[in-house]
Amino acid sequence: MRRGEAVEVFNVSKMFGTYQALDQVSFTIKENEFFTLLGPSGCGKTTLLRMIAGFERPSEGSISLFGAEIASLPPHKRHVNTVFQSYALFPHMSLEQNIAFGLENLGWAKAKRQARVAEMLELVHMSDFAKRRPDQLSGGQRQRIALARALAPEPQVLLLDEPLSALDLKLRQAMRDELRALQRKTGITFVFVTHDQDEALDMSDRICVLGQGQIQQIGTPSDIYEEPQNRFVADFIGATNFLEAEVVSLNGDQAQIRTALGLEFTAAQKGVQGPGAATMSLRPEKIGLEEQASGNVFTGTIRSRNYMGGFTHYAVETAGITLQVSRRNALSHAESYDIGREVKLGFRDESVRVLGQ
Amino acid sequence: MRRGFRFWGLVPAWVLMLGTLLIPLMIVAIVSVAQRGAYGGFEWAFTLEPYRQILFSVGWTDELEFDPKYLFVIGRTLVLAGATTLICMMLALPVAYVIATRTPRMKTVLIYLVTLPFWVSMIVRVYAWLIILGNDGFVGRIWHALGGQGTLLFTPGAMLVGMVYSYIPLMVLPVFAAIEKLDPALLEAGGDLYASRWTTARRVILPLTWPGLAAGSILVFVPALGTVLEPMLLGGGKQMMMGTLIQTQFGSARNWPFGAAIALVLMVMVVIVLVLNARRAMRKEARS
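In this text the structure is predicted, and so the values were computed from the model without any measurement.

(A) Spatial organisation of the overall build of chain B. Within chain B, the regular secondary structure consists of 14 helices and four strands. A separation of at least 24 residues holds for 64% of the contacts in chain B among residues at least 6 apart in sequence. Working note: accessible area of chain B is about 16,800 Å², and carbon and sulfur atoms make up 72% of it. Taken as two groups, the 23 positive and 13 negative side-chain charges of chain B have centres that lie 11 Å from each other.

(B) Representation of the interface of chain B and chain A. Contacts between the two partners involve 18 residues from chain B and, on the opposite side, 26 residues from chain A. Together chain B and chain A conceal approximately 1,900 Å² of surface at their shared face, both sides included; 61% is due to carbon and sulfur atoms. At the junction of chain B and chain A, the tally comes to two salt bridges. For A:R50, the salt bridge is made with B:E188, and the minimal N-O distance between the two is 2.6 Å. At the junction of chain B with chain A, the criterion picks out nine residue pairs in polar contact (both at pLDDT 80 or more). For the side of chain B that touches chain A, the element with the most residues is helix α9 (residues 184-192) of chain B, which contributes seven residues. In the side of chain B that touches chain A, the residues fall into nine nonpolar, five polar and four charged.

(C) Inspection of the sheet that holds strand β3 (residues 34-38) of chain A at higher detail. All names here are of chain A. Spatial ordering of the open sheet is given by β6-β7-β8-β3-β9-β10, a layout of six strands whose pairing is mixed. Each edge of the open sheet is held by one strand with a lone partner, namely β6 (80-83) and β10 (214-219). The mean angle between the axes of side-by-side strands here comes to 20°, regardless of whether they run parallel or antiparallel. Inspection of the sheet shows β6 paired to strand β7 (residues 157-161) by four bridges, in the parallel sense. Within β7, the residue paired with V80 across the bridge is V157.

(D) Geometry of the UniProt feature "domain: ABC transporter" (unreviewed entry) in chain A. In the numbering adopted here, UniProt assigns the feature "domain: ABC transporter" (unreviewed entry) to residues 7-237 of chain A. The distance from the first to the last C-alpha atom of residues 7-237 of chain A is 25 Å, and the span holds 36% helix and 27% strand.

(E) Looking closely at the packing of helix α4 (residues 69-100) of chain B against helix α11 (residues 210-225) of chain B. All names here are of chain B. The geometry of α4 relative to α11 is characterised by a closest axis approach of 9 Å and an angle of 145° between their N-to-C directions. Between α4 and α11 lies a crossing of right-handed hand. Contacts from T77, L78, A81, G82, T84, T85, C88, M89 and L93 of α4 reach α11 at W210, L213, S217, V220, F221, A224 and L225. Within the contact of α4 with α11, the residues separate by chemical class into 11 nonpolar, five polar and no charged.

Basis of the calculations
Residues numbered from 1 in each chain as written. Chains lettered and ligands numbered in written order. Predicted model: local features only at pLDDT ≥ 70, side-chain atom pairs only at ≥ 80, totals over all residues. Heavy atoms only, no water. Helix = DSSP H or I, 4+ residues; strand = E, 2+ residues; numbered from the N terminus. Contact = heavy atoms within 4.5 Å. Areas by Shrake-Rupley, 256 points an atom, 1.4 Å probe, with all protein chains shown as cover. Lys, Arg positive; Asp, Glu negative; His and termini not counted. Charge placed at Lys NZ, Arg CZ, Asp CG, Glu CD. Buried area = accessible area lost by both parts, 1.4 Å probe. Salt bridge = Lys/Arg side-chain N within 4 Å of Asp/Glu carboxyl O. Polar contact = N/O pair within 3.5 Å; in protein donor to acceptor, adjacent residues only side chain to side chain. Nonpolar A, V, L, I, M, F, W, Y, C, P; charged D, E, K, R; others polar. Pairing = 2+ DSSP bridges. Axes fitted to C-alpha atoms, helices over the stretch in contact; angles between N-to-C directions. UniProt positions renumbered as here; feature names shortened; annotations may be inferred. Left-handed = near helix turned anticlockwise from the far one by under 90°.

Below you can see the structure in the form of structure tokens.
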């Protein structure tokens, strides 16, 4: 079965006064997809979500939902529902009434409505709480009811505005799994907004990285992490070392690189126009220490060490440059390197991304 | 030390309550069961005559006849104060909503404008309506141009206009406070869940602003019950209300005991309203 296009955003711009929140943004979200809008605060991700919901109108461009133009429709005429960051449960209504609210406005018959409310409460494991009011619930429970309320009217697309940000760490992890499972179970297209890269990598089918009102990259979590298209994406997603390098020659998407470390090698590149100065990105976990050093090998001195449990982070200085190196503590008594020690470092050609400016 | 302060610190409040509320109230209560003085004032002699007078008048042959004329005054007062409260509610809701959804700077300006009339004497402001509604006034001329007959003044309608005008800021402020406290996402959630603006107003905004509306209603209804200026100026004294009735009894009618009796009836009505409101609030408290 070919997947349809659930949402198409085409050339959308948004101005707030003289501030350009979004600049000519275009992308499509496929049916049944878990699609994440990821970016730092002020990148326009929430504005984009609010435009799909109908709370904001684009200054320019069009938005369509399963082929129908919706940019000028008010929120109550769009078959999408939102899980709000603050949950926005109606405090004067019981949980049942909250979930039934949308169904009533859609004119569902009473019997059908009650069945759906019961089904939704079951879905989010809150059946025993039907008669309670929102202020009698914990944060996680409110989150579940907000989800049930938004899913009840069988929206064509479910919009989630940083729904996990108000929860504590442990609950957040559990809710991630639950959200993902819920999406698979219901088959509804999810559009998820977050500034948390871990959440995005963990849950999404595809991620759209936004920065400064523009799309920086769209791709699967591993595309985004392993093959960042520009410095912004490489910097925002995960930790990385940026190294100044010189492109000696170009051959398609391969570049011959010379680095300040005196190493010369070939690496994958994106967006480099021609020979000259460039930046390369090298993730800390892709640099091997001592017996794990392979590929391009050189030496450096340990300057700092941070034990993180599963990993130990080192700062290693070499030729005046400090590299962040992350080493997995795979064995219970994995060797730890003391500050000041001289170590061998190495990375493979394919671990490097050369980025255009 | 702290104990002492707790006691002595309350002294000003006690003095105020005793001196300006309880003692005057007791005086009024005493006067209401005293004999009417020949030239105003009262004489020390217990009688229930003033209360009798509220419901019965003395006929030709000294028999008591049921006479509802003062009941009509009480009824008119209740109806006008009630209507004032309802109209204030209906007008204040959209006004407060608009103010609450402006920028913080604009909000401050608009709230200041709402309270601005308080800086001008109430008499002057009500007097202004006398001119506006008069035959040569702005509204009076429009009324005649539209084919209206007679004058708008000295009617219950004119009094109502004046009362709504006088008391509406007391409704706008608490309703504004209630709407401003609402999470804007709640209104968006209404729209998101397929409620039209009207349905959102009815099912989300209205129930959540009830506390503000209740507070505003008390603030409007209670003083409206005892209002004097509007019936005097805009009602032309032709439309007696409890406030003007009391004032007349202590003034030109020189019947202090009767005036005091009416004043106590008015006070009992106010207390009933306040108790009902307090009970409603307590029930609500108990539920959540």
